[in-house]
Amino acid sequence: MSSDSTMSSAVDPTASPLVLKGEGIVLRDWLDADLPHMPGLFDAPDIAANTDIPSPFDADAFLVRIRRRRVQGIVDLAVTRDGGQPLGLVALHVASGVLGCAIGPQHRGRGVASRSLRLITRFCHEELGFTRLRLSIVQGNLPSERVAASAGYVRSDDDVVERTNGLGQLKLLETWHWLAPVTSG
């Protein structure tokens, strides 16, 4: 973990089940029952272009990937309204404090991404003790930049990094960060 992030807590975010509630959103573990919903959420050109979710999308392989990442300390949670049908996902890389979010095209424009990001940010700060969290956003992805800003993140002056997206293309990622409020005490 970098020196500008801290995590100290008895909560183990990689333990199942993990359920977070707030902001009119429920974040929960992915279930086998979610498989039929996944293609409608993630088999979209902009998802593959702006994330590392592969296209064409394979729901069975994606569920295996999510479970493998959990063991590696990367927690992928389904975004739902009430714990039921998934609307998208949020991800937390526990060691580095890097978050990610992808909402299915049919669920956008309703504040789901912003509320999900605020909920996972609050959990990371209040329960896990993070004082700095980061997002990596593809340069020019204005919708993701608006979501980040609405959740209290700001563009950082970190170096731009090059990563391969879900289409196998190299993309430039900018870092956005959230810093814990300074409290006097």
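Please read all numbers here as calculations on a predicted model, not as lab measurements. (Residues numbered from 1 in each chain as written. Predicted model: local features only at pLDDT ≥ 70, side-chain atom pairs only at ≥ 80, totals over all residues. Heavy atoms only, no water.)

Brief notes about the packing of aromatic side chains
One pair of aromatic rings is described through two measures. These are the centre distance and the angle between the planes. This is how it is decided: Only Phe, Tyr and Trp rings are paired, with Trp represented by its six-membered ring, and only when their centres lie within 6.5 Å; those with planes under 30 degrees apart are stacked, over 60 edge-to-face, the remainder tilted. We count a stretch as a helix when DSSP gives it H or I for four or more residues in a row; a strand needs E for two or more, and each element gets its number in order from the N terminus. Think of it in three bands: residues with accessible area under 20% of the maximum for their type are buried, residues over 50% are exposed, and the middle band is partly exposed, with areas taken using a 1.4 Å probe on protein chains only.
Enumeration over the complete set of coordinates arrives at four aromatic pairs. Ring centres of F42 and F62 lie 5.2 Å apart, and the angle between their planes is 45°; on these two criteria the pair is classed as tilted. Here F42, found in helix α1 (residues 38–42), pairs with F62, found in helix α3 (residues 59–71); they are 20 residues apart in sequence, far enough to count as distant. A residue is classified by how much of its surface remains accessible, and F62, at 4% relative accessible area, is buried. Centre to centre, the rings of F57 and F62 are 5.2 Å apart; their planes meet at 55°, and the pair counts as tilted. Take F57 and F62: they sit in the same class, and that class is buried. Site record: aromatic cluster; members linked through ring pairs are W30, F42, F57 and F62.

Focus on the confidence of the model for the protein chain
Applicable threshold: On a scale of 0 to 100, pLDDT captures the predictor's confidence in every residue. Between two residues, a contact is recorded if the distance between any of their heavy atoms is within 4.5 Å.
Chain-level pLDDT for the protein chain is 91 on average; 94% of the residues reach the 70-or-more range. Looking across the protein chain, the model is least confident in helix α2 (residues 45–50), with a mean pLDDT of 92, and most confident in strand β2 (residues 25–28), with 98. Below a pLDDT of 50 lies the segment residues 1–8, which in the model reaches 21 contacts outside its immediate sequence neighbourhood of four places, other chains included.

Considering the pattern of salt bridges
Spelled out, the test is: Salt bridge criterion: a side-chain nitrogen from Lys or Arg within 4 Å of a carboxyl oxygen from Asp or Glu.
Tallied over the full model, the rule gives 11 salt bridges. D76 is the partner of R69 in a salt bridge, and the nearest nitrogen-oxygen pair spans 2.8 Å. For the pair shown, R69 and D76 are each scored as buried. A salt bridge links R155 to E145; the shortest N-O distance between them is 3.6 Å. Remark: E145 occurs in helix α5 (residues 142–150) and R155 occurs in strand β7 (residues 154–155); sequence separation between them is 10 residues. If you follow the salt bridges from partner to partner, you end up with E23, R118 and R122 in one network.

Focus: the pairing of strand β1 (residues 19–22)
Using the following cut-off: Whether two strands pair depends on DSSP finding at least two bridges between them.
Both β1 and β2 contribute to a ladder of four bridges, which runs antiparallel. Across the sheet, the residue bridging to V19 is R28, located in β2. From the end of β1 to the start of β2, which pair antiparallel, there are two residues, and E23 there has a positive phi angle of about 60°.

Concerning the state of the cysteines
Chemically, a disulfide is nothing more than a covalent bond linking the sulfur atoms of two cysteines. The cut-off we apply is this: The disulfide criterion is simple: two cysteine sulfur atoms within 2.5 Å.
The final tally for this structure, using the stated rule, is zero disulfides. Free of any disulfide, C101 has its nearest cysteine sulfur in C124, 13 Å distant. Take C124: its relative accessible area is 0%, and that puts it in the buried class.

Thoughts on the environment of R155
Overall, the relative accessible area of 42% leaves R155 in the partly exposed class. Note: C-alpha distance between R155 and R28 (127 residues apart in sequence) is 28 Å. Setting aside residues up to four positions removed in sequence, R155 forms contacts with E145, E174, T175, W176 and H177.

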